[in-house]
Amino acid sequence: MRTTRLRIGLTAALAALALVACGGSPTATNGVPAAGGGAAAGQAEAVFAELTALKGQQRRDELVKRAKEEGQLALYTSMTSDVADAITKAFTDQFDIPISVYRAGSETVLQRVLQEQSAHFAGNDVVETNATELAALEREGYLAEYKGERRDLVPEAGRFPRWTATRFNLFSPGWNTGVIDSVGGPPKTWEDLADPRFDGKLSMELSDTDWYLTLYEYWKQQGKTDAEVDKLFADMAQGAQITKGHTVQVELMSAGQFAVAASAYTYIVERGKQDGAPIEYAPPVQPVIARPNGVALMKSATHPAAAMLFNDWILDEGQKVIADLHLTPSIIQGNDPLAGVQIIPVDVNKVLDENAEWSKKYEAVVSGGSPASN
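Not measured: the values here are computed from a predicted model. (Residues numbered from 1 in each chain as written. Predicted model: local features only at pLDDT ≥ 70, side-chain atom pairs only at ≥ 80, totals over all residues. Heavy atoms only, no water.)

For the protein chain, the helix and strand inventory stands at 14 helices and 14 strands. The buried share of the protein chain, reckoned over its 374 residues, is 53%. Contacts in the protein chain between residues at least 24 apart in sequence constitute 79% of all its contacts with a sequence separation of at least 6. (Helix = DSSP H or I, 4+ residues; strand = E, 2+ residues; numbered from the N terminus. Buried < 20%, exposed > 50% of the residue type's maximum accessible area, 1.4 Å probe, protein only. Contact = heavy atoms within 4.5 Å.)

Moving on, we come to the nonpolar core. Judged by nonpolar contacts, the single largest core of 95 residues is most densely connected at Met204, Trp211, Phe233, Met236 and Phe310. A per-element tally of this core places helix H11 (residues 304-314) first, with 8 residues. Filtering out sequence-adjacent residues up to four positions away, methionine 236 remains in contact with Trp190, Leu193, Ala194, Leu202, Met204, Trp211, Leu215 and Trp219. (Core = buried A, V, L, I, M, F, W, Y, C linked by side-chain atoms within 4.5 Å.)

On to the environment of glycine 148. Along the polypeptide, glycine 148 turns up in the loop between strand E4 (143-144) and strand E5 (159-160). The exposure class of glycine 148 is buried, given its relative accessible area of 12%.

For the rest of this paragraph, the subject is the pattern of salt bridges. A full pass over the atoms with the stated rule returns 19 salt bridges. Two residues, arginine 167 and glutamate 128, come together in a salt bridge whose shortest N-O distance is 3.2 Å. With arginine 167 in strand E6 (residues 163-176) and glutamate 128 in strand E3 (residues 126-130), this pair connects stretches of sequence that are 39 residues apart. Overall, the relative accessible area of 1% leaves glutamate 128 in the buried class. Of the charged contacts, one joins glutamate 270 and lysine 273 as a salt bridge, the two residues approaching to 3.5 Å between their closest N and O atoms. Here glutamate 270 pairs with lysine 273, and both are found in helix H10 (residues 266-274), just 3 residues apart, close to one helical turn. We classify lysine 273 as partly exposed; its relative accessible area is 27%. Each of Glu50, Glu62 and Arg66 takes part in salt bridges that share partners, so that together they form one network. (Salt bridge = Lys/Arg side-chain N within 4 Å of Asp/Glu carboxyl O.)

This part is about helix H2 (residues 44-52). Listing the buried residues of H2 in full gives Ala44, Val47, Phe48, Leu51 and Thr52. All buried residues of H2 lie within an arc of 130 degrees about the axis, which places them on one face of the element. In H2, the exposed positions angled more than 90 degrees off the buried face are occupied by Ala46 and Ala49. Turning to H2, the residues buried within the fold contact helix H3 (56-70), E4, strand E11 (288-298) and H11. (Arc of directions from axis to C-beta.)

Bringing the packing of helix H7 (residues 209-221) against helix H8 (residues 226-237) into the picture now. Put simply, H7 and H8 touch, their axes get as near as 9 Å, and they point 140 degrees apart. Viewed along their axes, H7 and H8 adopt a mutual orientation that is oblique. As for the relative orientation of H7 and H8, their crossing is right-handed in sense. Contact residues: H7 offers Trp211, Tyr212, Leu215, Tyr216, Trp219 and Lys220, while H8 offers Asp226, Val229, Asp230, Leu232, Phe233 and Met236. Taken together, the residues that form the contact of H7 with H8 break down as 9 nonpolar, no polar and 3 charged. (Axes fitted to C-alpha atoms, helices over the stretch in contact; angles between N-to-C directions. Parallel < 35°, antiparallel > 145°, perpendicular 65-115°, else oblique. Left-handed = near helix turned anticlockwise from the far one by under 90°. Nonpolar A, V, L, I, M, F, W, Y, C, P; charged D, E, K, R; others polar.)

Let us look at unusual backbone geometry. Following alanine 282, the chain continues to proline 283 via a peptide bond in cis, the omega torsion being 0 degrees. Looking at the element boundaries, proline 283 is found in the loop between strand E10 (279-280) and E11. Along the chain, glutamine 286 connects to proline 287 via a cis peptide bond; the corresponding omega equals 0 degrees. Within the secondary structure layout, proline 287 lies in the loop between E10 and E11. At histidine 120, a residue that is not glycine, the phi angle is positive and equals roughly 60 degrees. On the secondary structure map, histidine 120 appears in the loop between helix H5 (106-118) and E3.

Have a look at this one:
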């Protein structure tokens, strides 16, 4: 569970120290070395401040010019491989600036950055990952301030002091359309998931602490007592199949192993639908719970212009790439597919501050189910 792993101490940093001592560098893809060239250590923030003063096309032109002089961009991300490939290809195709990519799970990305920063090794210029990990890096003081006209268009729930949401992961129940009628139809409320008709036909995801905390607090705000909320979650878990990973969960649901996924990512369900899987999430159960994923500049960036160009781009042209991948962009362009849908954001700071407590509580909840057989 995601408890003490969000902060890395001296022991964990030793691996990075050894890496640097041996002259190693982060794993790179696309055949591009991960670091080198560009600004000297400690100068990135001065470059960011200078370029922030520029607006509109003047800013874009200057960023492109300097980024080409720097020659590359080093990105650490927890995007899935297909998303990372599409994003980096679109950026490189537009600007002819190669990107070295280190891609891993969000906790691994966090650990790598913390280890390298402890070792005074500037491995990446930009980090794109989950909200909780970005909040942890923000608190450690490793992220640089970013301002821009596109950032101002991001909803308040996606704007943080040192990072900006590029997209939102939306939690909503999903269901198998070929199985759901046999259990009385899809859920219409979150409370429906506790109905005995879903016993043995519901899946819960192993590490969805942020979803659990947000729904718990929402129910409390609606007037439910702690005892009532605890019973709802316990009833959900009774007979539930516990899966690890949202993609695996949707795959098993598509195969008919269970009828409903309690907290599916809507974009994964949408992708499955596009591929012909008999699954659905619409109309979504409300309120839909939204967790931001975002991007941030590193104070230690050795390619600061390329880093800032990437931030500007992913909040501009990159938003269409994100939407084309059936993800939920942070800036809605054109018709809003979620117009009229109640959305509540995950309280990122609460998740970070009280992670151990809520992870322990959610672990106790899902212990009432049994592991799904893959």
